Amino acid sequence: MKQRFVISSIGALIAAISLGSTDLAAQFGGGGGVTPAAIKEAQSKPTPKRASGVPDFTGLWVQTRPRGANPPAALDQASGNFTNVLRSRTGTAVDFERDAGVRQRVFPREARPWYRPSQWQQVQFNDVHGHSLQAPDPDFLCMPAGVPRIGIPQEIVQTDRQMIFIYPLHIRRIYIDGREHPPEEQWLGTWFGHSVGRWDGDTLVISSVDFNGLEWLGWPGWFTSPDKKVTERMRRVGNSLTWEAEVTDTLLLQPWKTGPQTRLLNPDPMGEVEEPLPCVERDLQHIVTRERG
Amino acid sequence: MRGYAAAVAMAVVAASPAIDAQQQTTTDLKQVLFRMAGGGGGFRNPLGLGLIRGNQNEDSVLSLEFWATGTMRDVTGKGLGPQIQLKSLYGQIGYDFPGMRLDITRADGQREIQVVSGTFAWNEIDKIGGGLQPGWGSAVPAMETVTDRLLRLWTTPIGLYKAAATAGAKAQVTIENGATVLTFPFTAGKPLPTAYLVVGQLEGTPVKVTLDSLYRPARADLRFRNQVYVTTYSGYGDLNEADYKSDVYTPARIVQTVDGQPVLDLTVQKTNTYNPYILMPVPESVQKAAGR
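Residues numbered from 1 in each chain as written. Chains lettered and ligands numbered in written order. Predicted model: local features only at pLDDT ≥ 70, side-chain atom pairs only at ≥ 80, totals over all residues. Heavy atoms only, no water.

Enquirer: Help me understand the overall build of chain A in this model?
Expert: A tally of regular secondary structure across chain A gives four helices and nine strands. What you see in chain A, going N to C, is helices and strands ordered as α-α-β-α-α-β-β-β-β-β-β-β-β. Within chain A, the fraction of its 293 residues that count as buried is 48%. Within chain A, contacts between residues at least 6 apart in sequence are counted, and of these 58% link residues at least 24 apart. (Helix = DSSP H or I, 4+ residues; strand = E, 2+ residues; numbered from the N terminus. Buried < 20%, exposed > 50% of the residue type's maximum accessible area, 1.4 Å probe, protein only. Contact = heavy atoms within 4.5 Å.)

Enquirer: Explain unusual backbone geometry to me, please; I cannot follow it from the model alone.
Expert: When glycine is set aside, most residues are seen to have a negative phi, and most peptide bonds are trans. All names here are of chain A. Between Gly 259 and Pro 260 the backbone carries a cis peptide bond, its omega angle lying at 5 degrees. Locating Pro 260 in the fold gives a position in strand β9 (residues 256–264). One non-glycine residue, Leu 169, lies in positive phi territory at about 75 degrees. Within the secondary structure, Leu 169 is located in the loop between β3 (162–167) and β4 (170–175).

Enquirer: I'm lost on the interface of chain A and chain B in this one. Help?
Expert: One frequently used descriptor of interface size is the decrease in accessible area upon assembly of the parts. With 35 residues of chain A at the interface, the matching set in chain B holds 43 residues. Carbon and sulfur atoms make up 56% of the surface buried where chain A meets chain B, a total of about 3500 Å² over both sides. Across the contact surface, chain A and chain B share seven salt bridges. Across the pair B:Arg53 and A:Asp99 runs a salt bridge, and its minimum N-O distance is 3.3 Å. Linking chain A with chain B are 20 residue pairs in polar contact (both at pLDDT 80 or more), by the criterion used here. Listed by contribution, the elements that provide at least two residues to the side of chain A that touches chain B are α3 (93–103) and α4 (117–128) of chain A. In terms of residue class, the side of chain A that touches chain B is made up of 15 nonpolar, seven polar and 13 charged. (Buried area = accessible area lost by both parts, 1.4 Å probe. Salt bridge = Lys/Arg side-chain N within 4 Å of Asp/Glu carboxyl O. Polar contact = N/O pair within 3.5 Å; in protein donor to acceptor, adjacent residues only side chain to side chain. Nonpolar A, V, L, I, M, F, W, Y, C, P; charged D, E, K, R; others polar.)

Given below as structure tokens:
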């Protein structure tokens, strides 16, 4: 329970942080922040190309630490506060839950999906009850985050036929061999949908359909329907990878855009991504308030 | 402006003063704004409005909902409307776009939904969000009410803080009868992601805010259109439901008079201050009617 709680909280914090122009989440616990200077330096490198002439996205797009090394200390021994993880007004755990609950909902109007008015009450209900049995956030139930919520992959393996996006506990396949989406009558309704990619110059444009409508766009109750369509754009410049996405859905008044996020290539040729802990939901039945950080 | 607001937070964090909640002596604008926003406070030490969060001490509250009862009357340039006894009032405030929606149900059952969003005002008919989607209510422009509705928005306690922060160096602090008094002109601007001051004809209108012992607005005085507005706030607390507390502090009672005539007397029953999802896009029909 506690382990799951902390992981969930950190994940939620990271989700909030990652709304910025760079994806600090990628650096969490690893290699320092992605500064504009670091991005500029990474972009000054040559962009590797495949024999066909398209950019090669293959690589680790997350920072790693040497095998056996410890993550940054969460506890500040001097103050006794969890300053490094439980970020709050006072640095104490007692203020963390409510601070995070407020801060993770700081979405300026332009950054929120604009639902149709007929859906506003449902969004509000999901938001308030997202960590209860009444409207549980699927991510909290250990379900896949879906697209685009899952964001930039940790690692990409590219062939001429497909790209494999590797995330903690999940993978996606992006077909880049020119195939189309299957006809709607053959759709299965899945968490990550059916994804095909095409090149627009050096930018990979990914179209995804065939979702199950169970995934949320984000933490504060942003639900979706099986009508959701997602267009992601990814561009590698040197050793940087920038991602952004646009969502259309019959629930929305207008397309919703998220990103851009930028990550840097892991420079360590021996870098290894640690196996994540399995996600096992044990909390929901024990949560007695609707506060959540 | 944005840098100024950030500096307010950071400079005072660095100073890390002992908070003299009972003995208000400082006239340092940055410290007063910081305390008003809740800086230096926490779950164990409620102070100010509780807007500041995270270890960067940033104002993090951009929207809220409230439920209230009481009486109100419309104020316009043409005078005061009739007093309305409220059966219920559901309000939404977004300080970032900015906008306010009041879903008013009168004692006789009549319903009126008033909205102001930026420099547009309209009434929604039948449903919240009326006029934005086919078959979902409708919208009637009410552009003549923009300034009066914006005045209501920026004279909420959190609105006063954001307005003062936006005024920046134009704000002044004095001590009067032992209480901290903040004086500033309404000034358009966007100093923070959580504050976007659209003030319309209120631009330049001076406001005097008297703070209580915990640096929360107790009274606001202003003169607009040669009318004297006095608003008092009392009974501050975290009015969210018992299992949904956030440490954001709002008044349980708000009373406003214009030239001594009561125009608002609200008892707030409940709030949701966890930045709830609220949206006030301007319906196309309202934009067209406004010629924009």
